[in-house]
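# Summary of the model geometry
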Amino acid sequence: MTYNPHHDYADASQWRGTTILTVRKNGKVVVVGDGQVSAGNTVMKASARKVRTLAGGTVLTGFAGATADAFALLERLEAKLELHPTQLARACVELAKDWRMDKYLRQLQAMMIVADKSETFVLTGNGDVVQPDSGITAIGSGGNYALSAALAMDEYEEDAETLARKAMGIADRICVFTNNNLTLEVLETD
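On to the confidence of the model for the chain, then. Taken residue by residue, the chain gives an average pLDDT of 86. The fraction at 70 or more is 87%. Within the chain, the lowest mean pLDDT, 82, falls on strand 3 (residues 37-39), and the highest, 98, falls on strand 2 (residues 28-33). Across residues 1-15, confidence stays below pLDDT 50; counting only partners more than four residues off in sequence or on other chains, it has 32 contacts.

Turning our eyes to something else, we now look at the pairing of strand 8 (residues 120-124). With five of five residues buried, strand 8 lies mostly within the body of the structure. Taking the residues that link successive antiparallel strands as the turn, the strand 7 (residues 110-115)-strand 8 hairpin has four residues. Sheet analysis places strand 8 next to strand 9 (residues 129-130), joined by two bridges and oriented antiparallel. In the sheet register, leucine 123 faces strand 9, and the bridge partner there is valine 129.

Before going further, it helps to examine the sheet that holds strand 10 (residues 136-140). Pairing in this open sheet of four strands is antiparallel, and the strands run 10-1-2-11 from one edge to the other. Strands at the two margins of the open sheet, each flanked by one partner only, are strand 10 and strand 11 (183-188). Adjacent strand axes in the sheet meet at a mean angle of 10 degrees, parallel and antiparallel pairs treated alike. Two elements, strand 1 (residues 19-25) and strand 2, share six bridges in a ladder whose sense is antiparallel. In the sheet register, threonine 22 faces strand 2, and the bridge partner there is valine 31. Sheet contacts for helix 4 (residues 160-174): strand 1, strand 2, strand 10 and strand 11; angle to strand 1, the most-contacted strand, approximately 155 degrees.

Further remarks concern the side chain of histidine 84. Mapped onto the elements, histidine 84 comes out in the loop between helix 1 (67-83) and helix 2 (88-101). Among the residues examined, histidine 84 registers a relative accessible area of 11% and is labelled buried. Setting aside residues up to four positions removed in sequence, histidine 84 forms contacts with Arg90, Ala91 and Glu94.

Residue asparagine 26 is not a glycine yet carries a positive backbone phi of 45 degrees. Positive phi outside glycine occurs at alanine 55, with the angle close to 50 degrees. Secondary-structure assignment places alanine 55 in the loop between strand 5 (51-54) and strand 6 (59-65).

Each value, and the rule that gives it
- By convention here, each chain's residues receive numbers from 1 onward along its written sequence.
- Whole-chain, interface and lining totals are the exception, using all residues; otherwise, since this is a predicted model, local features are given only for residues with pLDDT of at least 70 and side-chain atom pairs are given and counted only at 80 or more.
- Side-chain measures here rest on the full set of heavy atoms in the structure, leaving out hydrogens and waters.
- A residue's pLDDT is simply how confident the predictor is in it, with values from 0 to 100.
- Think of it this way: any DSSP run of H or I at least four residues long counts as a helix, any run of E at least two long counts as a strand, and we number them from the N terminus.
- Contacts are residue-level and defined by heavy atoms, with any inter-residue pair within 4.5 Å sufficient.
- The classification of residues rests on relative accessible area computed with a 1.4 Å probe and restricted to protein chains. Under 20% of the type maximum is buried, over 50% is exposed, and intermediate values are partly exposed.
- Two strands form a pair only when DSSP identifies at least two bridges running between them.
- Helix axes are fitted to C-alpha atoms over the stretch in contact, other axes to C-alpha atoms as well, and angles between N-to-C directions run from 0 to 180 degrees.

Given below as structure tokens:
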């Protein structure tokens, strides 16, 4: 898939093989991702690690899309965080500007969720840096399933990690490009 300025990066059908969910609730922020990597309709790997910590463990991130592209973006985000420590929003905006304006970076096909103790952002190749309205957001082919499940359970489940795991379990049962081999990272926000 080549870069297209009219491409709908929110279209889950474009991001096969990944579900990333973030839940911010009751003193915790959780980023969880499944481990499945698909090529077309074939599962290539079941245990990929699509959730990482950055900036000495103070920032959590999860990615959807082409793995090599996501790693290139993670390296750039880490560099932006070194330039702007404790300024997650600024680091994300600087990355999004580079991603949108640089001829090489524009070709990268990925999305990211980035979170620290106080903020969560979704970054896309369109130059978007979106701060979700609620404490729950998701990306990837199973993202809408995980998001819907998490939103439905939000008022009944108090623990962010439990809520995230349950929602990912529902996405795993619905999305053929999502599995239950989870990587989960947690930050205390209090």
